[in-house]
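Each chain, letter by letter, is given below.
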Amino acid sequence: MMLTSKHLLRSIPRTRRYATAANFVKIVEVSPRDGLQNEKGVIPVAIKADLVNRLGRAGVEIIEAGSFVSPKWVPQMAGTAEVLTQMERLPNVRYPVLVPNQKGLDNLTALLSEHPASPPLTNEIAIFTAATDAMSRANLNTTMDESLVRLAPVTRAARDKGLRVRGYVSVAIACPYTGPVDYVRVRNMAKALIDMGCYEISLGDTVGMGTPTQVSEMLEEVKKSVPVEQLAGHFHDTYGTAVANVLTALDHGVRTIDSSVGGIGGCPYAPGALGNVATEDVLYALQGSRYQVTGTSNGTIDLDKMVDIGWWISELLGRESVSRAGRAIRSRRRREAPMKAGL
Ligand SMILES: CC(C)(COP(=O)([O-])OP(=O)([O-])OC[C@H]1O[C@@H](n2cnc3c(N)ncnc32)[C@H](O)[C@@H]1OP(=O)([O-])[O-])[C@@H](O)C(=O)NCCC(=O)NCCSC(=O)C[C@@](C)(O)CC(=O)[O-]
């Protein structure tokens with residue numbers, strides 16, 4: 001009898017069967033940037049660098065290390081140059097930074113020239129725009145169309161300097177200023193960023209209001225113009241739907257998910273929005289599933305270490321971790337500790 005791929009599949013143990021290349025999921029850890037940018041108190045550079053270091057040691061492969069935006073607009077990100085020079089850079093880990101305009105790119109490239117290193121301090125930037133004019137104005141002081149005009153030369157210049165460029169489209173589901181968003185606009189903005197030279201587009205539910213049905217409809221629309229391999233999901237968790245939205249995006253073929261340890265963060269120009277989906281929650285939800293999160297710690301990301309980092313950074317920020325998995329795992333550890341100690 002001739003064996004078909006179906007027969008072969010049945011002969012492979014369930015866990016291994018699922019680990020096909022198509023099911024590897026990449027995490028883009030955004031806590032040092034999206035996670036901290038909205039904090040009111042001053043966070044020392046040493047803490048930010050320590051956060052990046054801990055994430056790298058837990059196996060995270062892509063860590064958004066900060067942003068080169070105007071310090072008048074986002075004071076918390078003012079020390080990103082120092083973070084880049086002080087943090088450790090691990091092999092096989094990428095450290096992109098957010099850049100809003102030519103000035104941000106100039107500041108970054110000046111830093112890279114002042115600190116020549118191999119590998120360089122970073123070799124990747126992320127640019128951002130939005131799917132409504134209101135959000136674009138609030139975040140970038142310009143309309144959507146004009147943002148594209150401004151970002152095109154920035155992208156070209158970055159690529160000419162050997163930097164990879166990722167693009168964000170904010171308010172892909174709902175806008176805090178104008179409400180429900182037309183997904184055709186999301187598609188057009190994503191396509192424009194791809195045409196500009198971005199290798200990947202992260203679609204942001206900036207306000208964290210999206211439901212799985214809405215995410216599904218939005219992705220159906222965007223996939224008409226951008227291959228799903230070039231899409232990433234960026235879900236905030238304001239209404240508690242972020243993990244469900246991650247799973248919906250994965251069902252659609254998206255294989256890159258932005259998340260933030262401890263669920264910290266939010267965009268300063270998206271009033272009412274809470275943090276990103278917690279990395280711990282994504283890691284926990286995908287355990288034993290058909291998806292395998294990739295990372296540098298034995299091929300994945302160490303969930304236990306991420307739980308510790310989530311609590312560490314949250315407590316430094318003066319609160320508890322909002323990661324549901326992070327809270328449950330810590331409670332379980334505390335319950336089990338006396339038993340393990342034989343008490
Ligand atoms: C784009 C601008 C600068 C335009 O802001 P503007 O005021 O129109 O800029 P400008 O060109 O008129 O410059 C004003 C001043 O800022 C300076 N400046 C100008 N640019 C820079 C720069 N790059 N770095 C340092 N300084 C800069 C510039 O030199 C000048 O200084 P002054 O002459 O007054 O002393 C501003 O709107 C800005 O910085 N916006 C960034 C806002 C931001 O960071 N938002 C959060 C990140 S996006 C996000 O969180 C969403 C995301 C990505 O996570 C996905 C999602 O959830 O949806």
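Residues numbered from 1 in each chain as written. Predicted model: local features only at pLDDT ≥ 70, side-chain atom pairs only at ≥ 80, totals over all residues. Heavy atoms only, no water.

Participant: Which parts of the structure should I look at to understand the overall build of the protein?
Facilitator: When its secondary structure is counted, the protein shows 14 helices and 12 strands. Computed over the C-alpha atoms, the radius of gyration of the protein is 20 Å, within 12% of the 20 Å expected from 2.2 N^0.38 for a compact globule of 343 residues. Taken along the three principal axes of its C-alpha coordinates, the protein extends 60 × 55 × 40 Å. Expressed as a percentage of the 343 residues in the protein, the buried residues total 53%. Put simply, 76% of the contacts in the protein that link residues at least 6 apart link residues at least 24 apart. Carbon and sulfur atoms provide 53% of the accessible area of the protein, an area that totals close to 15,200 Å². When the 39 positive and 34 negative side-chain charges of the protein are each reduced to one mean point, those points stand 4 Å apart. (Helix = DSSP H or I, 4+ residues; strand = E, 2+ residues; numbered from the N terminus. Rg over C-alpha atoms; globule rule 2.2 N^0.38 Å. Buried < 20%, exposed > 50% of the residue type's maximum accessible area, 1.4 Å probe, protein only. Contact = heavy atoms within 4.5 Å. Areas by Shrake-Rupley, 256 points an atom, 1.4 Å probe, with all protein chains shown as cover. Lys, Arg positive; Asp, Glu negative; His and termini not counted. Charge placed at Lys NZ, Arg CZ, Asp CG, Glu CD.)

Participant: Sorry if this is basic, but what is going on with the site of the ligand here?
Facilitator: If you check the shell around the ligand, you find 28 residues, and the closest are Lys72, Asn139, Asn141, Ser170 and Thr206. For the ligand, the accessible surface in isolation is 1,100 Å², of which the surrounding protein chains cover 76%. For the shell around the ligand, the secondary structure elements donating two or more residues are helix H3 (31-35), helix H6 (102-114), helix H7 (133-140) and strand S6 (164-170). Residues of the shell around the ligand, tallied by class, amount to 12 nonpolar, 12 polar and 4 charged. (Near = heavy atom within 4 Å. Nonpolar A, V, L, I, M, F, W, Y, C, P; charged D, E, K, R; others polar.)

Participant: Is there a simple way to think about the packing of helix H9 (residues 183-196) against helix H10 (residues 212-222) in this case?
Facilitator: Packed helices, taken two at a time, are described by the angle their axes make and the gap between the axes. Remark: H9 packs on H10, axes separated minimally by 8 Å, with the N-to-C direction vectors making an angle of 50°. In terms of orientation, H9 and H10 fall into the oblique class. In this structure, H9 crosses over H10, and the sense of that crossing is right-handed. Of the residues in H10, those in contact with Tyr183, Val184, Val186, Arg187 and Ala190 of H9 are Gln214, Glu217, Met218, Glu221 and Val222. (Axes fitted to C-alpha atoms, helices over the stretch in contact; angles between N-to-C directions. Parallel < 35°, antiparallel > 145°, perpendicular 65-115°, else oblique. Left-handed = near helix turned anticlockwise from the far one by under 90°.)

Participant: Is there a simple way to explain the UniProt feature "domain: Pyruvate carboxyltransferase" (unreviewed entry) in the protein in this structure?
Facilitator: As recorded in UniProt, the sites labelled "domain: Pyruvate carboxyltransferase" (unreviewed entry) are residues 25-307. Counting secondary structure, residues 25-307 comes out at 39% helix and 16% strand; the distance between its end C-alpha atoms is 19 Å. (UniProt positions renumbered as here; feature names shortened; annotations may be inferred.)

Participant: Would you explain unusual backbone geometry in this entry?
Facilitator: Excluding glycine, most residues fall at negative phi; most peptide bonds, likewise, are trans. Look at the link from serine 118 to proline 119: it is a cis peptide, with omega at -5°. The residue asparagine 92 is not glycine, and still its phi comes out positive at about 65°. Residue placement: asparagine 92 occurs in the loop between helix H5 (80-86) and strand S4 (97-98).

Participant: Explain the side chain of threonine 241 here, please?
Facilitator: Here threonine 241 is to be found in the loop between strand S10 (231-235) and helix H11 (242-251). Leaving out residues up to four positions away in the same chain, threonine 241 has contacts with Gly208 and Gly210.

Participant: Looking at this model, I keep getting lost on the side chain of threonine 294. Mind explaining?
Facilitator: Note that threonine 294 resides in the loop between strand S12 (292-293) and helix H13 (303-316). For threonine 294, a relative accessible area of 18% puts it in the buried group. Beyond its immediate stretch of four places on either side in the chain, threonine 294 contacts Phe24, Val25, Lys26, Glu61, Gly299, Thr300 and Ile301.

Participant: Teacher, can you tell me more about the pattern of salt bridges here?
Facilitator: Close approach of charged atoms lets side chains of opposite charge pair. Inspection of every chain in the model, using the stated rule, returns 19 salt bridges. Here arginine 54 and aspartate 50 are joined by a salt bridge, their closest N and O atoms 3.2 Å apart. Within this pair, arginine 54 and its partner aspartate 50 are both found in helix H4 (residues 45-57), separated by 4 residues, close to a single helical turn. Between arginine 187 and glutamate 221 there is a salt bridge whose closest N-O contact spans 2.7 Å. Placement of arginine 187 in helix H9 and of glutamate 221 in helix H10 is noted, with a sequence separation of 34 residues between them. One connected set of salt bridges, linked through shared partners, spans Lys26, Arg166, Glu200 and Asp258. (Salt bridge = Lys/Arg side-chain N within 4 Å of Asp/Glu carboxyl O.)

Participant: What's the story with the pairing of strand S5 (residues 124-130) in this structure? I'm lost.
Facilitator: It is a general feature of regular strands that their side chains alternate between the two faces of the sheet. In terms of burial, S5 is a largely internal element, 7 of the 7 residues being buried. Residues of S5 alternate between two faces, with Glu124, Ala126, Phe128 and Ala130 on one and Ile125, Ile127 and Thr129 on the opposite face, all of them buried. Relative to S5, S4 is paired through 2 bridges, and the arrangement is parallel. Following the sheet pairing, leucine 98 is matched in S5 by alanine 126. A crossover links S4 with its parallel partner S5, the connecting element being H6, and its sense is right-handed. Strand direction decides the pairing type here: S5 and S6, joined by 7 bridges, are parallel. The residue bridging isoleucine 127 from the neighbouring strand is glycine 167, located in S6. (Pairing = 2+ DSSP bridges. Right-handed = clockwise from strand over helix to strand, strands pointing away.)

Participant: Any chance you could explain the pairing of S10 here in plain terms?
Facilitator: Among the 5 residues in S10, 5 count as buried, and that is most of the element. Residues Leu231, Gly233 and Phe235 line one face of S10 and the alternating positions Ala232 and His234 line the opposite face, and both faces are buried. As paired strands, strand S9 (residues 200-205) and S10 are joined by 5 bridges and run parallel to one another. Bridging across to S10, isoleucine 201 finds its partner in leucine 231. Read as a crossover between parallel neighbours, the route from S9 over H10 to S10 is right-handed. In terms of strand pairing, S10 meets strand S11 (residues 256-259) through 2 bridges, oriented parallel. When the bridges of S11 are listed, histidine 234 appears paired with aspartate 258. Note that the unit made of S10, H11 and S11 has a crossover that is right-handed.

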